[in-house]
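Structural characterization, general
This is what each chain is made of:
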Amino acid sequence: SELAQAIEAGSLHLVLDGANGSGSALGPAILALTGARVEAIHVEPDGVNINVRSGATDPASLAEAVVERGADAGFALDGDADRLIAVDAAGRVVDGDQVLGILAIDRLGRAALPGGLVVSVLSNGGLQAAVETRGGEVVRTPVGDKYILEGMQLRGAMLGGEKSGHVIVMEHTTSGDGIVTALEVLRVMSVRGTSLAALAAEVPMFP
């Protein structure tokens with residue numbers, strides 16, 4: 001496909017929303033190291049504009065930018081860059097549950113998901129169904145990334161997170177990191193040679 005060729009050639013077109021926060025400088029620079037063409041928005045922090053009509057807590061402007069600029073995908077960090085919300089090429093939001101599903105399905109396809117996928121009680125049943133139908137296990141905890149981490153440590157799990165976009169990929173970090181999460185999503189897109197929209201469609205959300 002054209003997308004697979006673009007990934008292989010390192011010519012993906014991405015938009016990154018830095019939420020005028022701590023990831024404003026490093027986020028675009030790190031994503032650019034993948035070979036992608038990265039356009040950055042909301043990367044001019046002035047001390048008071050952090051998360052204002054921007055970032056993972058308000059991805060509407062990112063969705064508009066992705067569509068207007070014809071990008072393949074968009075990624076929104078929050079102010080302290082520990083969260084990630086994605087947007088597909090059509091401007092549809094891919095939230096933390098779908099991101100977790102994309103990463104979990106990738107791991108289940110390669111081997112297994114040791115310890116299961118650890119999520120909070122707020123995560124959508126669609127995520128649980130998508131993981132369980134592929135032979136994975138979903139473990140629920142109270143709300144809060146400290147509870148997610150605790151659950152992961154107790155079970156020896158390698159992947160966990162929340163619908164809000166806090167994702168912990170244990171082989172890389174013991175806390176949420178939006179830039180790491182974006183790189184993980186790009187890795188799956190590259191391995192699968194498919195679009196973010198197609199990957200998200202494998203994790204349909206229940207009403």
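Scroll up to find the structure.
Residues numbered from 1 in each chain as written. Predicted model: local features only at pLDDT ≥ 70, side-chain atom pairs only at ≥ 80, totals over all residues. Heavy atoms only, no water.

**Side note on the sheet that holds strand β4 (residues 84–88)**
In a beta sheet, neighbouring strands pair by backbone hydrogen bonds and run either parallel or antiparallel. To keep things clear, this is the line we draw: Two strands pair under a simple rule: DSSP has to find at least two bridges between them. Numbering of helices and strands starts at the N terminus; helices are DSSP runs of H or I of at least 4 residues and strands are runs of E of at least 2. Contacts are residue-level and defined by heavy atoms, with any inter-residue pair within 4.5 Å sufficient. Only the stretch in contact is used when a helix axis is fitted, and all axes are lines through C-alpha atoms; the angle between N-to-C directions ranges over 0 to 180 degrees.
Pairing within the open sheet is mixed, and its five strands lie in the order β2-β1-β3-β4-β5. At either end of the open sheet lies a strand with only one pairing partner, and these are β2 (37–41) and β5 (93–94). By the bridge criterion, four bridges tie strand β1 (residues 13–17) to strand β3 (residues 73–77) in an arrangement that is parallel. Its bridge partner lying in β3, L16 is registered against F75. Contacts from helix α7 (residues 178–192) reach β1, β3 and β4, with the element oriented near 160 degrees to β3.

**Quick look at the pattern of salt bridges**
Worth spelling out the cut-off: Definition used for salt bridges: Asp or Glu carboxyl oxygen within 4 Å of a side-chain nitrogen of Lys or Arg. Think of it in three bands: with a 1.4 Å probe and only protein chains considered, a residue is buried below 20% of the maximum accessible area for its type, exposed above 50%, and partly exposed in between.
With the rule as written, the count across this model stands at 13 salt bridges. The partner of D95 in a salt bridge is K163, with the nearest N and O atoms 2.6 Å apart. You can see D95 sitting in the loop between β5 and α4 (96–110) and its partner K163 sitting in the loop between β8 (159–161) and β9 (167–169), a full 68 residues away along the chain. Here K163 falls in the partly exposed class, since its relative accessible area comes to 29%. The shortest N-O distance in the salt bridge between K163 and D97 comes to 3.4 Å. Here the residue K163 occupies a position in the loop between β8 and β9, and D97 occupies one in helix α4, the gap between them amounting to 66 residues.

**A few points about the packing of α4 against α7**
Basically, it comes down to this: By definition in this entry, angles of less than 35 degrees are roughly parallel, angles greater than 145 are roughly antiparallel, angles of 65 to 115 are roughly perpendicular, and the rest are oblique. The crossing is said to be left-handed when, going from far helix to near helix, the turn is anticlockwise and less than a right angle, and right-handed when the turn is clockwise. Classification used: nonpolar for Ala, Val, Leu, Ile, Met, Phe, Trp, Tyr, Cys and Pro, charged for Asp, Glu, Lys and Arg, polar for all others including Gly.
Their axes nearest at 10 Å, the elements α4 and α7 cross at an angle of 50 degrees. Viewed along their axes, α4 and α7 adopt a mutual orientation that is oblique. The two elements α4 and α7 cross, and the hand of that crossing is left-handed. Here V99, I102, L103, D106, R107 and R110 of α4 lie close against α7, whose contacting residues are T181, E184, V185, R187 and V188. When grouped by side-chain class, the residues that make up the contact of α4 with α7 number five nonpolar, one polar and five charged.

**Looking at helix α6 (residues 145–155)**
The criterion, for reference: The reported arc concerns the directions from the helix axis to the C-beta atoms and nothing else.
Listed in full, the buried residues belonging to α6 are I148, L149, G151 and M152. In an axial view of α6, the angular spread of the buried residues amounts to 160 degrees, which keeps them on one side of the axis. Across α6 from its buried face, at more than 90 degrees, point the exposed residues K146, Q153 and L154. On its buried face, α6 is in contact with β6 (117–120), β7 (138–141), β8 and β9.

**Description of the environment of E44**
Along the chain, the position of E44 falls in the loop between β2 and α3 (60–69). Classification of E44 as exposed rests on a relative accessible area of 66%. Sequence separation between E44 and V66 is 22 residues, and the spatial gap between their C-alpha atoms is 19 Å. Sequence-distant contacts of E44, that is, excluding residues within four places in its chain, are made with N20 and N49.

**Some details on the pairing of β2**
Both β1 and β2 contribute to a ladder of five bridges, which runs parallel. Residue pairing across strands places L14 opposite V38, the latter belonging to β2.

**Looking at the pairing of β7**
Rules: Convention used here: a crossover is right-handed provided that the path from the first strand, over the helix, to the second strand proceeds clockwise when the strands point away from the viewer.
Pairing of β6 with β7 involves four bridges; the strand directions are parallel. Note that in β7 the partner of L117 across the bridge is V138. In the classification by handedness, the crossover that spans β6, the intervening helix α5 (residues 125–132) and the parallel β7 is right-handed.

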